[in-house]
Amino acid sequence: MTTRQHYRTGTPGTGTSTDDPAAAEAVFLDATRRLLEPLRIGPGDTVVDVGPGAGSATVALAHAVGEPGRVYAVDLDVAMLNATMEAARAAGVAGRIRPVLHDIQDGAPPLPELADAVWSSWCIHHARDWDVAARALVEMLRPGGRLCLAEGGLPARCLPWDIGIGRPGLETRLDEAHDRHFTQWFFGRVGVSRPARGWSEILHAAGLTDITCFTALVDLPAPLSAPAREVVLAELAARVRRAQPFLTEEDADTWARVLDPENSAWLGHRADLSLLTARTGFSGHRPDE
C-alpha cells in the first residue's frame, strides 16, 4: 500500500485531512496555544470550543478553566466529539468538558449558559454562510466575553523548490490546484453565500469590538522528527488527493512517485523535508450591555 493510498480517506464524516488528526494537532499544538492566549482563560471560566477536532485545544482549555470551569465542545460530527472525549479522558479532564452535537451553520447551540470565551479553529470556513456562523459564535458570549477565531494564514512549505523529479515548483502548483478544489467544493453546495470580505470585517459585523489580528509561526526545520515527518507526509498526501482533478498529468505522476514508500523518490527518504507555515487568529470581545 502506498502512502498516497494509505492516506486516501480520513475518519468517515469528519472532514479531517488524514487518518490521524490527533498526530497533526500535536505538531501544531505550540502554535495553537499561542493563538489561545488572547482569550485569557482563567479558573472557573466557561468556554466553548467550536470544531474541536481531535480535542487538543479542548484539553488545553479544560486545564486552563480548572475544576470549577466548563468547556463545551461543539461539533456536527459525533466521531470528532468521541475523539475529543477520548483525549479528555486520557488527560484526566473529561469531567470539565460537555460534548454538544450541533451544526453552527444552524445558529448558536442551545447551551445552558453564556460563555466567557469562545474558540474556533479552522472550522468556520466550512460553513455555507460565514456571517451566519460568526454571529452564532458571538451569540454564545456573555457581555464582555472574548472570542478568538483561527482561520487563514499561509500555505505550508515542506519541500525544496526543486526536488530533482518533475518540474521545479511542485509544491507551489499544488497550492494553486488545491485552491481550485476548495473553490469548486465551496460554491458547489446549495445555499452558499460568497464571503466577499475578510474575517475582521465579518466579526465586526457580527458584533465584536476591538478586533485584533495576530499570527503564530510554525517553523520546524530539517531534519524533522519522526512524528513530524509522518504528519507532513500525510498532509501532503491529503492535499494531493483533494487537488487531484486540478493537477497536470505530469504533476500527478510526480506526486504519485514521491508519496510512494516503495519508490526511490519517496519523500520519506529525504533529509531536507521541513515544515514552515503560519496560522492567523482574529480576536475581539462582545461589548458590555
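Structure: see above.
Thresholds applied
Residues numbered from 1 in each chain as written. Predicted model: local features only at pLDDT ≥ 70, side-chain atom pairs only at ≥ 80, totals over all residues. Heavy atoms only, no water. Helix = DSSP H or I, 4+ residues; strand = E, 2+ residues; numbered from the N terminus. Rg over C-alpha atoms; globule rule 2.2 N^0.38 Å. Buried < 20%, exposed > 50% of the residue type's maximum accessible area, 1.4 Å probe, protein only. Contact = heavy atoms within 4.5 Å. Areas by Shrake-Rupley, 256 points an atom, 1.4 Å probe, with all protein chains shown as cover. Lys, Arg positive; Asp, Glu negative; His and termini not counted. Charge placed at Lys NZ, Arg CZ, Asp CG, Glu CD. Pairing = 2+ DSSP bridges. Axes fitted to C-alpha atoms, helices over the stretch in contact; angles between N-to-C directions. Disulfide = S-S within 2.5 Å. Salt bridge = Lys/Arg side-chain N within 4 Å of Asp/Glu carboxyl O. Phe/Tyr/Trp six-rings, centres within 6.5 Å; stacked < 30°, edge-to-face > 60°. Lys NZ or Arg CZ within 6 Å of the ring centre and 35° of its normal.

When helices and strands are tallied, the protein chain shows ten helices and seven strands. For 289 residues, the compact-globule estimate of 2.2 N^0.38 gives 19 Å, and the protein chain sits close to it at 20 Å. Each of the three principal axes of the protein chain carries a C-alpha extent, and together these read 60 × 40 × 30 Å. Relative to its full complement of 289 residues, the protein chain shows a buried share of 50%. When contacts within the protein chain are restricted to residue pairs at least 6 apart in sequence, long-range pairs at least 24 apart make up 78% of them. Total accessible area computed for the protein chain in this model is approximately 13,400 Å², and 53% of it derives from carbon and sulfur atoms. Of the side-chain charges in the protein chain, 28 are positive and 38 negative, and the distance between the mean point of each set is 1 Å.

With respect to topology, seven strands assemble into an open sheet ordered β3-β2-β1-β4-β5-β7-β6, the strand pairing being mixed. Either end of the sheet is taken by a strand with one partner, and the two such strands are β3 (97-101) and β6 (209-220). Averaged over all adjacent pairs, the angle separating strand axes in this sheet is 20 degrees, with direction ignored. Across four bridges, strand β1 (residues 46-50) lies against strand β4 (residues 115-121) in parallel orientation.

On to the state of the cysteines. Under the defined criterion, the tally for this structure stands at zero disulfides. Cys148 provides the cysteine sulfur closest to Cys213, a residue in no disulfide bond, and the two sulfurs are 9.8 Å apart.

Below, the discussion takes up unusual backbone geometry. Between Ala222 and Pro223 the backbone carries a cis peptide bond, its omega angle lying at 0 degrees. Mapped onto the elements of the fold, Pro223 is located in the loop between β6 and α9 (226-243).

Another aspect to go through is the pattern of salt bridges. The full count for this structure, using the stated rule, is nine salt bridges. The closest approach of N and O atoms between Arg239 and Asp175, which form a salt bridge, is 2.7 Å. Taken together, the residues Arg239 in helix α9 and Asp175 in helix α7 (residues 170-187) connect sequence positions 64 residues apart. Residue class for Arg239 comes out partly exposed when judged on its relative accessible area of 21%.

One full turn of an α-helix is made of 3.6 residues, so residues set three or four places apart face in the same direction. Residues of helix α4 (residues 56-65) that are buried include every one of Ala57, Thr58, Val59, Leu61, Ala62 and Val65, and no others. The secondary structure elements touched by the buried residues of α4 are α3 (29-36), β1, β2 (70-75), α5 (78-91), β3 and β4. The positive-phi residue at the C-terminal boundary of α4 is Gly66, with phi of around 70 degrees.

For the coordinates displayed, the defined rule picks out six aromatic pairs. Both rings, one in Trp130 and one in Trp199, keep their centres 4.4 Å apart while their planes meet at 15 degrees; by these two values the pair is stacked. Taken together, the residues Trp130 in helix α6 (residues 130-139) and Trp199 in helix α8 (residues 199-206) connect sequence positions 69 residues apart. Judged by relative accessible area, which is 12%, Trp130 ranks as buried. Overall, Trp199 belongs to the buried group, its relative accessible area being 10%. Pairwise contacts between aromatic rings join Trp130, Phe182, Trp185, Phe186, Phe187 and Trp199 into one cluster. Between the NZ or CZ atom of Arg189 and the centre of the ring of Phe186, over which it lies, the distance is 4.9 Å. One Lys or Arg, Arg279, reaches over the ring of Trp122 and ends 4.9 Å from the middle of that ring.

As for its placement among the helices and strands, Ala83 is situated in helix α5. As for Ala83 and Ser56, which are separated by 27 residues in sequence, their C-alpha atoms are 9.9 Å apart. Once residues lying within four places of it in the same chain are set aside, the contact partners of Ala83 are Gly53 and Ala54.

Within strand β7 (residues 275-285), eight of the eleven residues are buried, which leaves the element mostly enclosed by the surrounding structure. Where strand β5 (residues 141-157) lies against β7, eight bridges are found, and the strand directions are antiparallel. Each bridged residue has a counterpart across the sheet, and for Cys148 the counterpart in β7 is Ser283. Pairing analysis gives ten bridges linking β6 to β7, with the strands arranged antiparallel. In the strand pairing of β7, Phe214 is matched with Gly281.

With that settled, consider the side chain of His102. One can find His102 in the loop between β3 and β4. Using a relative accessible area of 16% as the deciding quantity, one classes His102 as buried. Residues contacting His102, with those up to four places away along its chain left out, are Val74, Asp75, Leu76, Gly107, Ala108, Pro109 and Pro110.

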